[in-house]
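Structure assessment
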Amino acid sequence: MSIPNGFYRGPRRFQGVISATGVTRWSLRTDGEIRCIAALGPGGRVYVGTGSMTLYAIDTASGTTAWTWNTGYPITTNSPVVDQGGNVYIPGLKTLSFTPDGVLRWTVQQGGVVKGSAWLGSESDLYFCTSVWRTGDVPTLFRLNTDTGETVWATPFPGLHTVLSTPTEVAGGLICFATPRGTVYGVDKETGAVAVALKVGGRMGCRPAASADGTTVYVITLNDGGTDKLVALDTSSHPWSVAWSSAPEGLTSSPLAEPICTADGEQVYAPYTSVVAYQNGQVVWQSPNVGGAQRMALDGDQNLIIGRRDLHFCALNPEGQLLQGAPVGGSGVGGAVDDDGVVYFGDSGGFVYAYGPQPTPPPLPNGFYRGPTAFLGTGPTAAPRLRWSLSLGGEIRCSPALGPDGRLYIGTKQKNLFAVDTASGRVAWSRRVDYQFDTNTPVVDQDGNVYAPGWNTVSYDPRGAQRWSFSPDGGLVLSSGWLGADGDLYMTSTEWQKKTTPTLYRLDTRSGRAVWSVPFPALSEILSTPIEVAGGLICFASEDGKVYAFNKANGALTVAFNLGAPMTCRPAASADGTTVFVITTGSGANRVVALDTSTLPWTEAWSVTPPGFAPSTLADPLCTPTASRVYAGGRRLVAICDGSVLWQTTEDVHATRLVFDANQTVYVGREDERISAIDDQGRVLWTLDHGNDGVGVAIDDDGVLYVGDRKGTLFAYGS
C-alpha cells in the first residue's frame, strides 16, 4: 500500500534529495519554542507550531508568514499534518482543521489531550491518540472523518495515562500504536475493535516505523531489562510476533526517539546517542556520536536527516558518514525535505529554518528580458575588444534590451526602435515610433515580443509586426516598463505641459488594454520604473518622498511609506521581493535605504549615508538576488551589506546605471562618458572611453557587452 500522508508525502520519507553542503536560505522568528516537526504542504507552504500556542503557515520560497492561528494549547510533540489538498490538521486539547488559506474548517473537542501527531490513513481519515489531561479523562484512539470532523469511532484504553505514540497503519487493515506499558496495539480500521495487544518489553513513547506494505514494524523499548532495544515485529499475519531485537552496547535512547525504515522495511535506523543501521537484524554500521538522535527523516537517496538532543541538526549519508550539519535545531526537532532538497525545521529559540543547497536565484521579472539589472552571462574582466559596431543614425541614451532569440532591441532619440542581430551586428528590422527614446528603455518578454513605452506604448512581435498600441491618458512614459510574473506590463507616466496626470498602469500584454490605472494628481512626474515585490504588490519610488505599493490584482493602494526625501530611481528588490532598496536625494538627504517588505506594514530595516555619497538622478540601486549586498552609484560606487559599507571605489566613477553579471562584476555606465567594470571587492578592472553619459549595458550568455553612444553607434564588446 502507499504511505499515508503523515507529513504530506509520508511519515518521514521524502522524495527530495539533500546536498552535501548547505546554507541557511532563510530563518523566521516565531513567538515561542518549536518542538514539533515541520509539515510540508502541496502549495509551497510549511507548517509549524510553537509552545506559545501559535500555528504558522510559512511560504517556503520566501520564509514569510502566510497566516497564523492561536490554537489554545501549546504545540510541542503534537505536530501538524497536511493532506494532499493542502488542508491542515493540528491535534491538542481540541483538534482543528484549516483550509490552505487558514480558514477554520472544523473543531473537535475530543476529551483528553493529544500529545503525539495524527495519522492520515489511506482512506484519508484522521487517527490520533489522546492522553489524560484532567481527572476523568480516558486515553482513547480516535478515527475522525476529515471532511466533517465527525467521530467515526473511538476506542478507549482505560489502563493507560500518557500516549506519545502517533498511530501508524499496518497490514491487515489495522492501526497500531505503542504505549508506555510495553504493549503495541493493533486496532481494526473499520470497527475500532482491538485486534492485537502484543507485549514487547519496556515503555515506549515512539511512533512505530512501518514498511510501506505494513508487514514489518519497528519500535524502541526503553529500560527493557536494563537496556534500550530496537524491536522488529512481524505484522504480516495473526498473531503478530517479534522477529528480532537488538540492544547496542553502551547506547541509550529517549521517549521521543523514533526509528525509521526504508520503504521495503529491510533496513532500519535506530536513534540512540549514535545512529545504528540494521539489515535483517544485523548491524550494518554505527555512526559517530551525534549528540542524541531523536526524530529522523529519510530523503530520496536514503540520506538520514536527524534532529538531535544537543540542539543541533545533521544529516548522514547511507553509509553513516556525516553529510552536513548546522549548530541549530533545538531539542531533537525533526525536519521535512522538499523536492529541491531543502530541509525545514525549528529550534528551541523559536526560529524556523530553511537549510539547503545554495539556491539558484529564480529569474527576475523581465525588466531587460532576464531581469532589470542582472544577467546570466559572465562579462569580460580584462579590457574588452570590439566585436562589431553599427551606426543607427541617432543619439542613444537608453539601455539595450536582450531578447531570447539572439536579438537586441534599442531606441534612439530620433524616434526609431531597432532590432539588431547580436551575432552579425546587422539590423533585423526597425520601426518609427512617436517619441524619442531617452530613459524609456524597451523591454522584451520571453516569447520575444517587444514593448516600447513613450507617448504611445507599442508592442511588436519578434518579426517587427505591430501587435497593439496603447495611448495613456496620463501623459508621457519616461521610465521603462516592468513585465510582472503574471506576464502583464506595469509602467508609470509623467505629467506633460500641465495637461496630464502622472499615472500607474497595468496593461494586458496580449491585448494592450489597461487592466487598471491609478492617477496621482498631487505629483508632477514619476521617473521610477515600477517593480514587483512580496505580497503581490507593485511598487515605485516618488519625488514626494514616498514609496508606493499597489495590489496587483485591482490596483488598490496598499503602502505609502514616507522616507521624507525625493526619489527618482527605480527601486531594487531581492528575487523574492521581501527586501527593497531605494536611494533618496536632496540636501543632507542622500541615503541608501532598505525596506523590509515581507509583511505589512513595511518597516525600514536600515539606512546609510556613505561618506561623500552623491548619487545622480539616474542612479538606480542594484542588489544581489538574495539581497545580501546592494550597490549604489554616485561619484563613487558603494557596496553595502546589512547597513554597513563594505567598500567604496578608490577612484571617482560617476556611476549611474548599473548591471552585474553572473560573477557579480558590476558594469557601470558613467556620467563622464565612460564605462567601467568593477569586481566584487571594489577594484576597477577596466575602463572604456565610450562617448555617452551613464547609458547602461546588456550582457548576453556569452559575456558580450552591448552599449550605445551619443553619436548613434551601437557597440558589441567581448573577451
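Residues numbered from 1 in each chain as written. Predicted model: local features only at pLDDT ≥ 70, side-chain atom pairs only at ≥ 80, totals over all residues. Heavy atoms only, no water.

**Considering the sheet that holds strand 13 (residues 151-156)**
Ordered by their spatial adjacency, four strands build an open sheet running 10-11-12-13, and the pairing between neighbours is antiparallel. Unpaired on one side and paired on the other, strand 10 (119-120) and strand 13 mark the two borders of the sheet. As judged from the five bridges shared by strand 12 (residues 140-144) and strand 13, these two strands associate in the antiparallel manner. In the strand pairing of strand 13, Phe142 is matched with Ala154. (Pairing = 2+ DSSP bridges. Helix = DSSP H or I, 4+ residues; strand = E, 2+ residues; numbered from the N terminus.)

**Overview of the nonpolar core**
Ile410, Leu417, Tyr667 and Leu714 are the most contacted members of the largest nonpolar core, which totals 41 residues. Apart from residues lying up to four places away in sequence, Tyr667 is in contact with Gly379, Pro380, Arg657, Leu658, Val659, Asp661, Ser676, Ala677, Trp686, Val697, Ile699 and Leu705. Within the second largest apolar cluster, 38 residues are counted, among which are Cys36, Ala297, Phe313 and Val342. (Core = buried A, V, L, I, M, F, W, Y, C linked by side-chain atoms within 4.5 Å. Buried < 20%, exposed > 50% of the residue type's maximum accessible area, 1.4 Å probe, protein only. Contact = heavy atoms within 4.5 Å.)

**Observations regarding the packing of aromatic side chains**
As enumerated under the stated definition, the model contains 31 aromatic pairs in all. Seen in terms of ring centroids, Phe128 and Phe142 are 5.4 Å apart; in terms of plane orientation they differ by 25°. Their pairing is stacked. Of this pair, Phe128 sits in strand 11 (residues 126-129) while Phe142 sits in strand 12, placing them 14 residues apart in sequence. Looking at Phe128, the relative accessible area reads 0%, which means it is buried. In this structure Phe142 comes out as buried when scored by relative accessible area, which is 7%. Residues Tyr269 and Trp285 carry aromatic rings whose centres are separated by 5.9 Å and whose planes lie at 40° to one another, so their mutual orientation is tilted. One end of the pair, Tyr269, is in strand 23 (residues 267-271); the other, Trp285, is in strand 25 (residues 282-286), and 16 residues separate them in sequence. The same class applies to Tyr269 as to Trp285, namely buried. (Phe/Tyr/Trp six-rings, centres within 6.5 Å; stacked < 30°, edge-to-face > 60°.)

**What to know about the environment of Arg29**
Position of Arg29 relative to the elements: it lies in strand 1 (residues 23-29). The class for Arg29 is exposed, based on a relative accessible area of 60%. Taking the C-alpha atoms as reference points, Arg29 and Cys314, 285 residues apart in sequence, are found 21 Å from one another. Sequence-distant contacts of Arg29, that is, excluding residues within four places in its chain, are made with Gly350 and Phe351.

**Observations regarding the confidence of the model for the protein chain**
A residue-level look at the protein chain finds 93% of positions with pLDDT of 70 or above and a mean pLDDT of 86. Low pLDDT (under 50) marks residues 1-9, which in the prediction has 41 contacts with non-local residues, meaning those over four places away or in another chain. Contacts from residues 361-371, a stretch scored under 50 in pLDDT, to residues over four places away or in other chains number 39 contacts. (pLDDT = per-residue confidence, 0-100.)

**Here's the deal with the sheet that holds strand 8 (residues 95-98)**
Sheet architecture is open: four strands sit in the order 6-7-8-9, paired in antiparallel fashion. The sheet is open, and its two edges are formed by strand 6 (81-82) and strand 9 (104-108), each paired on a single side. Where strand 6 and strand 7 (residues 88-90) come together, two bridges link them in antiparallel fashion. Residue Val81 lies in a different strand from strand 7, and its bridge partner there is Tyr89.

**Notes on the environment of Gln302**
On the secondary structure map, Gln302 appears in the loop between strand 26 (293-298) and strand 27 (304-308). Its relative accessible area of 34% is what places Gln302 among the partly exposed residues. Sequence spacing of Gln302 and Asn317 is 15 residues, and the spatial spacing of their C-alpha atoms is 7.1 Å.

**Side note on the side chain of Thr509**
In this fold, Thr509 is placed in the loop between strand 44 (503-507) and strand 45 (514-519). The class of Thr509 is buried, set by a relative accessible area of 8%. At a separation of 2.7 Å, a polar atom in the side chain of Thr509 contacts the main-chain carbonyl oxygen of Gly487. Each residue touching Thr509, except ones within four places of it in the same chain, is listed here: Tyr451, Arg467, Trp468, Leu483, Gly487, Asp488 and Leu489. (Polar contact = N/O pair within 3.5 Å; in protein donor to acceptor, adjacent residues only side chain to side chain.)

**Details of the pattern of salt bridges**
Summed over the entire model, instances satisfying the criterion amount to 17 salt bridges. Measuring nitrogen to oxygen at the nearest pair gives 3.8 Å for the salt bridge that ties Asp689 to Arg674. Of the two residues, Asp689 sits in strand 61 (residues 684-689) while Arg674 sits in strand 60 (residues 674-678), which places them 15 residues apart along the sequence. When salt bridges with common partners are traced through the structure, they connect Arg670, Asp672, Arg674 and Asp689 into a single cluster. (Salt bridge = Lys/Arg side-chain N within 4 Å of Asp/Glu carboxyl O.)

**Thoughts on the side chain of Thr155**
Turning to its location among the elements, Thr155 is positioned in strand 13. Looking at Thr155, its side chain comes within polar contact range of the main-chain oxygen of Gly192, at 2.5 Å. When sequence neighbours within four positions are dropped, the list of residues in contact with Thr155 reads Pro139, Thr140, Leu141, Val187, Gly192 and Val194.

**Details of empty space enclosed by the protein**
This model, assessed by the stated rule, comprises six cavities of 30 Å³ or more. Approximately 90 Å³ is the volume attributed to the second largest cavity. Lining the second largest cavity we find 13 residues, and of these Thr77, Leu164, Thr166, Glu258 and Arg295 sit closest to its centre. Along the lines of polarity and charge, the residues of the lining of the second largest cavity split into four nonpolar, six polar and three charged. (1 Å grid on protein atoms, 1.4 Å probe; cavity = no way out; pocket = protein on both sides within 12 Å on 5 of 7 lines; lining within 4 Å. Points joined across faces, edges and corners; volume = space filled by probe spheres on them. Nonpolar A, V, L, I, M, F, W, Y, C, P; charged D, E, K, R; others polar.)

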